[in-house]
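Descriptive structure summary
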Amino acid sequence: MQLGLPLVRAMRIVRSSVSIWADVHDRTGTPVWPLSFADGVAEAVRAGADAIVVTGKSPDETRRMAEGARTAAPGTPLVVGGGGTPGTIPGFLAVADGV
């Protein structure tokens, strides 16, 4: 299955400096087709994502998602997209590159 967008190819051709941060399985959305979280992360990177953004419905779910994203796309920058508070940020930074 190929999900890559023509936009990504065009950006590479013109050497665009815009980076793509893919929010995989956002907590407020529903995937348009059944794809596991790990497969969604891997596909986003394959399609050209420069970073992965994760936000779960709770801090624990966010940490689990970050750990899964690390496994699915090692070496890809990983950012927690929401839920950061003084109490959650240290735990998020233990598994992600930023909040």
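Keep in mind the model is a prediction, meaning the values are calculated, not measured.

Rules and cut-offs
Residues numbered from 1 in each chain as written. Predicted model: local features only at pLDDT ≥ 70, side-chain atom pairs only at ≥ 80, totals over all residues. Heavy atoms only, no water. Helix = DSSP H or I, 4+ residues; strand = E, 2+ residues; numbered from the N terminus. Buried < 20%, exposed > 50% of the residue type's maximum accessible area, 1.4 Å probe, protein only. Salt bridge = Lys/Arg side-chain N within 4 Å of Asp/Glu carboxyl O. Polar contact = N/O pair within 3.5 Å; in protein donor to acceptor, adjacent residues only side chain to side chain. Expected span 1.5 Å × (residues − 1). Arc of directions from axis to C-beta. Pairing = 2+ DSSP bridges. Axes fitted to C-alpha atoms, helices over the stretch in contact; angles between N-to-C directions. Contact = heavy atoms within 4.5 Å.

**Comments concerning unusual backbone geometry**
- Phi at His25 is positive, roughly 55°, even though this residue is not glycine.
- Within the element layout of this structure, His25 appears in the loop between strand E1 (21–23) and helix H2 (37–46).
- When its relative accessible area of 29% is taken as the criterion, His25 is described as partly exposed.

**Regarding the pattern of salt bridges**
- If you walk through the whole model with that rule in mind, you get 3 salt bridges.
- The closest approach of N and O atoms between Arg46 and Glu43, which form a salt bridge, is 2.7 Å. Residue Arg46 and its partner Glu43 are located together in helix H2, separated by 3 residues, close to a single helical turn.
- Of the charged contacts in the structure, one is a salt bridge between Asp97 and Arg70, with a shortest N-O distance of 2.9 Å. Of the two residues, Asp97 sits in the segment after helix H4 (89–93) while Arg70 sits in helix H3 (residues 59–72), which places them 27 residues apart along the sequence.

**Some details on the side chain of Thr55**
- Mapping Thr55 onto the fold places it in the loop between strand E2 (51–54) and H3.
- The exposure class of Thr55 is buried, given its relative accessible area of 5%.
- Of note is the side chain of Thr55, whose polar atom sits 3.3 Å from the backbone nitrogen of Gly81.
- A polar side-chain atom of Thr55 sits 3.2 Å from the main-chain amide nitrogen of Gly82.

**As for H3**
- Here H3 contains 14 residues, and its C-alpha end-to-end distance of 20 Å stays within 8% of the 20 Å for a straight helix at 1.5 Å per residue.
- Of all the positions in H3, only Thr62, Met65, Ala66 and Ala69 are classed as buried. The buried residues of H3 occupy an angular sector of 100° when the element is viewed end-on, so they sit on one face. Exposed residues pointing more than 90 degrees away from the buried face of H3 are listed as Arg64 and Thr71.

**Describing the sheet that holds strand E3 (residues 78–80)**
- The sheet built from 3 strands is open, its strands ordered E1-E2-E3 with parallel pairing. At either end of the open sheet lies a strand with only one pairing partner, and these are E1 and E3. Going from strand to strand, the sheet's axes swing by 25° on average, the running direction of each strand aside.
- Where E2 meets E3, 3 bridges bridge the pair, whose relative direction is parallel. In the strand pairing of E3, Val53 is matched with Val79.
- Seen against the sheet, H3 touches E2 and E3 and runs at an angle of roughly 160° to E2.

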